[in-house]
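Observations on the model geometry
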Amino acid sequence: MKNFSWGHGVFIALAAFIIFILSMLFLFPNGQKNSEMVTDNYYEEELKYQDVIDAKKRADELQEKPVYSQDKAGIKITFPQDYNNSNTTVKFVLNRTDDQNLDVHKAVQLDENHSFTIPAQVLKMGNYTLRLSWTKDKTDYRLDYDVIWK
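All of the points below concern the structure found in this document. (Residues numbered from 1 in each chain as written. Predicted model: local features only at pLDDT ≥ 70, side-chain atom pairs only at ≥ 80, totals over all residues. Heavy atoms only, no water.)

**Here's the deal with the packing of aromatic side chains**
The criterion, for reference: The rule is short: rings of Phe, Tyr and Trp, with Trp giving its six-membered ring, pair when the centres are within 6.5 Å, and they are stacked under 30 degrees, edge-to-face over 60, tilted in between. A run of DSSP states H or I qualifies as a helix once it reaches four residues; a run of E qualifies as a strand once it reaches two. Both are numbered from the N-terminal end. Relative accessibility thresholds used throughout: buried, under 20% of the residue-type maximum; exposed, over 50%; partly exposed, between the two (1.4 Å probe, protein chains only).
This model, assessed by the stated rule, comprises six aromatic pairs. Measuring from ring centre to ring centre gives 5.4 Å for Phe 79 and Trp 134, while their planes differ by 85 degrees; the resulting arrangement is edge-to-face. With Phe 79 in the loop between strand 2 (74–78) and strand 3 (88–96) and Trp 134 in strand 6 (residues 126–136), the pair connects residues that are 55 residues apart, well separated along the chain. The interplanar angle of 15 degrees and the centroid separation of 5.5 Å between the aromatic rings of Trp 134 and Tyr 141 together place this pair among those described as stacked. By relative accessible area, which is 13% here, Tyr 141 ends up buried.

Structure, rendered in structure tokens:
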């Protein structure tokens, strides 16, 4: 140890720093997962987001809201009895949080029970965000649900 000088210490500190940086690059690449943008047209959608805020507020103020449930057949959304296909248009977006290729976008018609089902065949195990939007009597509404499909 009699030949150890401050130059050796600087070299060891620099080498340790380089090893630390390289380990962050190669051993911990998890930061790159889920780096997809939710939408490609984010600027245009940001300008329209006040409409989304208003639709969510109107949906929160409703006395009776659509009811969400899930079973082996899929995800079922049931609307109150005063909703029907003549005065209501319904759309949903099912966003997969980790893979946009598994997203589902669809406009649907309500059945005789004022409901619709997203079939289990289009769902893969994992986390989704269900964005339910509907227009009743020319008024827009929107509800968001966090869905864990098992």
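Now, onward.
**Focus on the pattern of salt bridges**
Rules: What makes a salt bridge here is a side-chain nitrogen of Lys or Arg within 4 Å of a carboxyl oxygen of Asp or Glu, nothing more.
Summed over the entire model, instances satisfying the criterion amount to four salt bridges. Across the pair Asp 82 and Lys 136 runs a salt bridge whose closest N-O atoms are separated by 2.9 Å. Taken together, the residues span a long stretch of sequence, with Asp 82 in the loop between strand 2 and strand 3 and Lys 136 in strand 6 at a distance of 54 residues. A relative accessible area of 43% places Asp 82 in the partly exposed class.

**Observations concerning the sheet that holds strand 7 (residues 139–149)**
The strands that make up a sheet are held in pairs by hydrogen bonds between backbone atoms, and each pair lies either parallel or antiparallel. To keep things clear, this is the line we draw: Paired strands, in this sense, are two strands between which DSSP finds at least two bridges. Each axis is a line fitted through C-alpha atoms, taken for helices only over the stretch in contact, and angles between the N-to-C directions span 0 to 180 degrees. Contact criterion: two residues are considered in contact whenever any of their non-hydrogen atoms come within 4.5 Å of each other.
Taken together, four strands build an open sheet; the order of strands is 4-3-6-7 and the sheet is antiparallel. Edge positions in the sheet fall to strand 4 (104–108) and strand 7, since each of these pairs with one other strand and no more. Neighbour to neighbour, the strand axes of the sheet diverge by 15 degrees on average, direction disregarded. As defined by bridge partners, strand 3 adjoins strand 4 across five bridges and the pair is classed as antiparallel. Residue pairing across strands places Val 93 opposite His 105, the latter belonging to strand 4. Those strands touched by helix 3 (residues 49–60) are strand 6 and strand 7, and its axis lies near 80 degrees from that of strand 7.

**Quick notes on the layout of surface pockets**
Operational definition: Think of a 1 Å grid over the protein atoms and nothing else: a 1.4 Å probe that fits but is trapped marks a cavity, an open set flanked by protein within 12 Å on at least five of seven lines marks a pocket, and residues with an atom within 4 Å of a point count as lining. Grid points are joined across faces, edges and corners, and a volume is the space filled by probe spheres set on the points. Three classes are used: nonpolar for Ala, Val, Leu, Ile, Met, Phe, Trp, Tyr, Cys and Pro, charged for Asp, Glu, Lys and Arg, and polar for all others, with Gly counted as polar.
One number sums up the size of the second largest pocket: a volume of about 410 Å³. Taken together, the elements giving at least two residues each to the lining of the second largest pocket come down to helix 3, strand 3, strand 4, strand 6 and strand 7. If you tally residues by element for the lining of the second largest pocket, the top one is strand 3, at five residues. Here the residues of the lining of the second largest pocket sort into seven nonpolar, four polar and six charged.

Just distances and angles here, no functional claims.
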